[in-house]
Amino acid sequence: MFNQFLLPLMEQPHLFGAYALIAFLLTTILLHADLPFLPRDQGRQYAVNGELSKGKVRGVGLVMLICFLTCAVLFIPFSLEFMFYALILLAEMFSGYLDDASKIPWSDYKKGAIDLIVSVLTAVIFLLHDSPVIWFGAHAVTLHPVVYGILATVLVWMSINAVNCSDGVDGLSGSVGLVSMLSFLVIYPDELTPEYHGYILLFAAVIVSYLLFNANPSKVLMGDAGSRPLGVLLAVLAMKSHHPFAYLLLCAVFLLDGITGLVKIFLKRFFHISILKNTRTPLHDEMRKNRGWSDTQVVIRFAIMQVICSLLWYVTAL
C-alpha cells in the first residue's frame, strides 16, 4: 500500500533532493553518535601509516547501508528485484562487519568465497528480472544467459574486491565512489529507471555524510562493511545501464588501484610469477610511500583522475 502511494511521487524528481537530504541528516546523526556495537580499528600492519588508524571507529559501513536501505524503502517504490539486491547488500555488509569486528582478520579465501557466492547470486537475480543485452554505442548484442551470467559474476566479484582494496586512505573510497556512482546517473539517465536515479542519489548522500567524518584526519572508517556493498552497487548500476563495459572507465581508479594488487598476489601465489616488483600495491600506498604524496594529494588526484576517466567515457559514448 505504502509502495503504491509512492508511485505518483516518482513523477516529481525534485523530491529526490528532499529524500537525499533526509538520508544525509540521518546518516550524519548516527555517525556522530558513539554507537557501542561498532568495532575499533586494530591498525593495519602492512599498510602505509596503518598504525594511524588504530583505535578509530571501524565498520560504519553498517550504519551507512542501513540508512540507505531505510530511506530507499520509505521513499522509493521498490521492486522484487531490488528487494533481492537489498538482501545481497545486507549479506555483504554483515560479512564485512563481522570481519571488521573480528580480532583475527578473515582469510582471503574465506572472504573470496563469500564474494563469489554474492557475485553469482547477483548475476542470477539480474538475469531473472532483466535481459542479457549489452549496448555498444548504437548496437545491441544479446548474449546467451550463461555467458552473460559468467561475465556478470566476474564483474561483481572484481568490483567488490577493487573497491575494498582501495579503501586504505582517508576519504579515498568515498570520494572516488561518489564520482563513479554519479557518473552512471549523468551518462545513462534514460537507461537507468527513475527508481535507480533515486537509489544513486540516496547512496551519494550517505557517502557525503560519511566523508564529513572520514576526511583526513578521519574519525571513522567504513571498513569492509561499507566498501564491499559499494562494490556490489557499482556493478549493479553497470549491468542495469546495459553498458557493463562502461565500468572499465567509470570505475577506472578503483580498478587500477585495487585490482593491480590482486593480480600481483594471484600470479605470485599460484604461478610464482612476480610482476611490479618495485611497485607497492595498492597503488595509493606506492604514491604515499615512494612518490611522496600526502593523503590529501592521493584523494584529490585520484578523484580528479576518475573525473577525467568519466568524462572520457562520456565523450566516447555520445
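Residues numbered from 1 in each chain as written. Predicted model: local features only at pLDDT ≥ 70, side-chain atom pairs only at ≥ 80, totals over all residues. Heavy atoms only, no water.

Caption draft 1: Representation of the nonpolar core. Membership of the largest hydrophobic core comes to 87 residues, with the highest contact counts inside it found for V60, F68, M181, F184 and L234. The element best represented in this core is helix 8 (residues 194–214), accounting for 12 residues. (Core = buried A, V, L, I, M, F, W, Y, C linked by side-chain atoms within 4.5 Å. Buried < 20%, exposed > 50% of the residue type's maximum accessible area, 1.4 Å probe, protein only. Helix = DSSP H or I, 4+ residues; strand = E, 2+ residues; numbered from the N terminus.)

Caption draft 2: Here's a closer look at the pattern of salt bridges. Per the stated rule, a full pass over the model turns up 13 salt bridges. With a closest N to O distance of 3.1 Å, K240 and E81 form a salt bridge. Linking K240 in helix 9 (residues 223–240) with E81 in helix 4 (residues 80–101), this pair joins segments that are 159 residues apart in sequence. Of the two residues, K240 and E81, both sit in the buried class. Look at the salt bridges and you will find they share partners, linking E92, D115, D224 and R228 into a network. (Salt bridge = Lys/Arg side-chain N within 4 Å of Asp/Glu carboxyl O.)

Caption draft 3: Helix 5 (residues 108–129), seen in detail. When the terminal C-alpha atoms of helix 5 are compared, their 32 Å separation across 22 residues agrees well with the 32 Å that a helix rising 1.5 Å per residue should span. When we look at burial in helix 5, the residues that qualify are K111, G112, D115, V118, S119, T122, A123, I125 and F126. Projection of helix 5 onto a plane perpendicular to its axis shows the buried side chains occupying an angular sector of 160°, all on one side. Away from its buried face, by an angle of more than 90 degrees, helix 5 presents the exposed residues Y109, I117 and L128. Where helix 5 is buried, its residues meet helix 4, helix 6 (145–166) and helix 9. (Expected span 1.5 Å × (residues − 1). Arc of directions from axis to C-beta. Contact = heavy atoms within 4.5 Å.)

Caption draft 4: How the structure looks around the environment of F75. Tracing the backbone through its elements, the reader meets F75 in helix 3 (residues 61–75). Looking at F75, the relative accessible area reads 16%, which means it is buried. Note: C-alpha distance between F75 and L15 (60 residues apart in sequence) is 9.3 Å.

Caption draft 5: Just the packing of helix 7 (residues 172–187) against helix 8, in detail. Between helix 7 and helix 8, whose axes approach to 10 Å, the crossing angle comes to 160°. Judged by the angle between their axes, helix 7 and helix 8 are roughly antiparallel. Classified by chirality, the crossing of helix 8 by helix 7 is left-handed. Each of G174, S175, G177, L178, M181, L182 and L185 in helix 7 lies in contact with helix 8, whose residues at this interface are H197, I200, L201, F203, A204, I207, V208 and L211. Class assignment for the residues of the contact of helix 7 with helix 8 results in 11 nonpolar, 4 polar and no charged. (Axes fitted to C-alpha atoms, helices over the stretch in contact; angles between N-to-C directions. Parallel < 35°, antiparallel > 145°, perpendicular 65-115°, else oblique. Left-handed = near helix turned anticlockwise from the far one by under 90°. Nonpolar A, V, L, I, M, F, W, Y, C, P; charged D, E, K, R; others polar.)

Caption draft 6: Spatial organisation of unusual backbone geometry. Cis geometry is found at the peptide bond from N216 to P217, where omega equals 0°. When you line up the elements, P217 lands in the loop between helix 8 and strand 4 (220–221). The phi dihedral of H242 falls on the positive side, at around 65°, and the residue is not glycine. For H242, a relative accessible area of 13% puts it in the buried group. For L276, which is not glycine, the phi dihedral falls at a positive 50°.

Caption draft 7: Region of the structure containing the side chain of S209. For S209, the position within the fold is in helix 8. Beyond its immediate chain neighbours, meaning those up to four positions away, S209 contacts F24, T27, T28 and L31.

Caption draft 8: Focus on empty space enclosed by the protein. The final tally for this structure, using the stated rule, is 3 cavities of 30 Å³ or more. Taken as a whole, the largest cavity spans an internal volume of roughly 60 Å³. Forming the walls of the largest cavity are F82, Y85, I88, L89, T122, Y196, V232, L233 and V236. Elements supplying a minimum of two residues to the lining of the largest cavity: helix 4 and helix 9. For the lining of the largest cavity, the element with the most residues is helix 4, which contributes 4 residues. In the lining of the largest cavity, the residues fall into 8 nonpolar, 1 polar and no charged. (1 Å grid on protein atoms, 1.4 Å probe; cavity = no way out; pocket = protein on both sides within 12 Å on 5 of 7 lines; lining within 4 Å. Points joined across faces, edges and corners; volume = space filled by probe spheres on them.)

Caption draft 9: Spotlight on the pairing of strand 2 (residues 133–136). Direction of pairing for strand 2 relative to strand 3 (residues 139–142): antiparallel, over a ladder of 4 bridges. Bridge assignment links I134 to a residue of strand 3, and that residue is V141. Linking strand 2 to strand 3, which pair antiparallel, is a turn of 2 residues; within it G137 sits at a positive phi near 65°. (Pairing = 2+ DSSP bridges.)

Caption draft 10: Here's a closer look at the packing of helix 3 against helix 8. Relative to each other, helix 3 and helix 8 sit at 150°, their axes nearing to 10 Å. Here the hand of the crossing between helix 3 and helix 8 comes out right-handed. Contact residues: helix 3 offers M64, L65, C67, F68, C71 and A72, while helix 8 offers Y199, L202, F203, V206, I207 and Y210. Within the contact of helix 3 with helix 8, the residues separate by chemical class into 12 nonpolar, no polar and no charged.

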